[in-house]
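These are the residues of each chain, in order.
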Amino acid sequence: MGELIGYARCSTVAQDLTAQREILASLGVADDRIYLDKGLTGTNRERPGLDQALAAVRSGDTLVVPKLDRLARSVPDARDIGDTLVTRGVRLSLGGSVYDPSDPMSKMFFNMLAVFAEFEADLLKMRTREGMAIARSRGRLKGRAPKLTARQQAELVRMHATGDYTIAELMEVFSVGRATVYRVLDRASDRSDDSRSEAKR
């Protein structure tokens, strides 16, 4: 009988992993054999905690997760992880139910769970987009505040126009990145072009 290796994940830093850890503990996973990812979605394949859990399991071990959607949020990802574990001789326990790829019913159930996990993830994305669209239409959702105030932007443009300052020096003076400096200068240039066009009319 191999070891039980646990894995738990939550999508945001604000979420708590206590409930998932308790489920894993109730399934016999030792606390020091639980690997965690916090603030990472299931669609993000770059998950350090999952990588550590997959590296920790050996042939004969069992990877235990509370639910399949904690492990993967897409059908291809779920199948890829499941197939990799099977090839390595590692069992996969989903909330206590062991996935057996040699059993047609177990395989079908696993695929159904993967489909539902992906559907749930897509539904959440759609609801988020709809919520943002509604908030934006009501004026509650605004873009990111500019890094520089209007006065700072004007001063940056003035200093650049003197020819005494390089872009790197402006970046250091105003504590901003190169893209911000160029963005401010481009906007000033556009406004200047518009003013000249108006004056010609």
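Up top is the structure these notes are about.
In this report, the structure presented in the accompanying data block is examined. (Residues numbered from 1 in each chain as written. Predicted model: local features only at pLDDT ≥ 70, side-chain atom pairs only at ≥ 80, totals over all residues. Heavy atoms only, no water.)

Take the packing of helix α6 (residues 150-162) against helix α7 (residues 167-174) next. In the contact formed by α6 and α7, the axes pass within 11 Å of each other and the chain directions differ by 150°. In terms of axis orientation, α6 runs roughly antiparallel to α7. Considering the relative orientation of α6 and α7, their crossing is right-handed. For the pair α6 and α7, contact is made by Gln152, Glu155, Leu156, Met159 and His160 and by Ile167, Leu170, Val173 and Phe174, respectively. For the contact of α6 with α7, the per-class residue count stands at 6 nonpolar, 2 polar and 1 charged. (Axes fitted to C-alpha atoms, helices over the stretch in contact; angles between N-to-C directions. Helix = DSSP H or I, 4+ residues; strand = E, 2+ residues; numbered from the N terminus. Parallel < 35°, antiparallel > 145°, perpendicular 65-115°, else oblique. Left-handed = near helix turned anticlockwise from the far one by under 90°. Contact = heavy atoms within 4.5 Å. Nonpolar A, V, L, I, M, F, W, Y, C, P; charged D, E, K, R; others polar.)

This part takes up unusual backbone geometry. Although it is not a glycine, Ser175 adopts a positive phi angle of roughly 55°. Mapped onto the fold, Ser175 is located in the loop between α7 and α8 (178-200).

Let us now look at the sheet that holds strand β5 (residues 97-99). If you trace the 5 strands from one edge of the open sheet to the other, you get β2-β1-β3-β4-β5, paired in mixed fashion. Two strands bound the open sheet, and with one partner strand each, they are β2 (34-38) and β5. On average, each strand axis in the sheet is inclined to that of its neighbour by 25°, with strand direction left out of account. Bridge analysis of strand β1 (residues 4-10) against strand β3 (residues 62-65) gives 3 bridges, and the strand direction is parallel. When the bridges of β3 are listed, Ile5 appears paired with Leu63. Across the sheet, helix α1 (residues 18-26) lies against β1, β2 and β3, angled at about 165° from β1, the strand it touches most. Along the sheet, helix α2 (residues 48-56) contacts β1, β2 and β3; its crossing angle with β2, the most-contacted strand, is approximately 160°. (Pairing = 2+ DSSP bridges.)

Right, let's talk about the pairing of β1 for a bit. Burial within β1 is extensive, with 6 of its 7 residues counted as buried. As paired strands, β1 and β2 are joined by 5 bridges and run parallel to one another. Bridge pairing links Tyr7 to Tyr35 in β2. (Buried < 20%, exposed > 50% of the residue type's maximum accessible area, 1.4 Å probe, protein only.)

This part covers the side chain of Asp37. Topologically, Asp37 is positioned in strand β2. Buried charged residue Asp37 carries no salt bridge. Nearest counter-charge: Arg47, at 5.2 Å. Among the polar contacts listed, one links the side chain of Asp37 to the side chain of Tyr7, at a separation of 2.8 Å. Leave out the neighbours within four places in its chain, and Asp37 touches Tyr7, Ala8, Arg9, Cys10, Leu17, Arg47, Pro48, Gly49 and Leu50. (Lys, Arg positive; Asp, Glu negative; His and termini not counted. Salt bridge = Lys/Arg side-chain N within 4 Å of Asp/Glu carboxyl O. Polar contact = N/O pair within 3.5 Å; in protein donor to acceptor, adjacent residues only side chain to side chain.)

This part takes up the pattern of salt bridges. Overall, the coordinates contain 6 salt bridges when judged by the stated rule. Linking Arg21 and Asp31 is a salt bridge whose minimum nitrogen-to-oxygen distance equals 2.7 Å. With a gap of 10 residues between them, Arg21 in helix α1 and Asp31 in the loop between α1 and β2 connect regions that are remote in the sequence. Notably, a salt bridge pairs Asp77 with Arg47, separated by 3.1 Å at the nearest N-O pair. Note that Asp77 is positioned in helix α4 (residues 75-87) and Arg47 in the loop between β2 and α2, a separation of 30 residues in sequence. Exposure class is identical for Asp77 and Arg47. Each is buried. One salt-bridge network, held together by shared partners, links Lys67, Asp69 and Arg70.

Taken by themselves, the reported measurements are silent on function.
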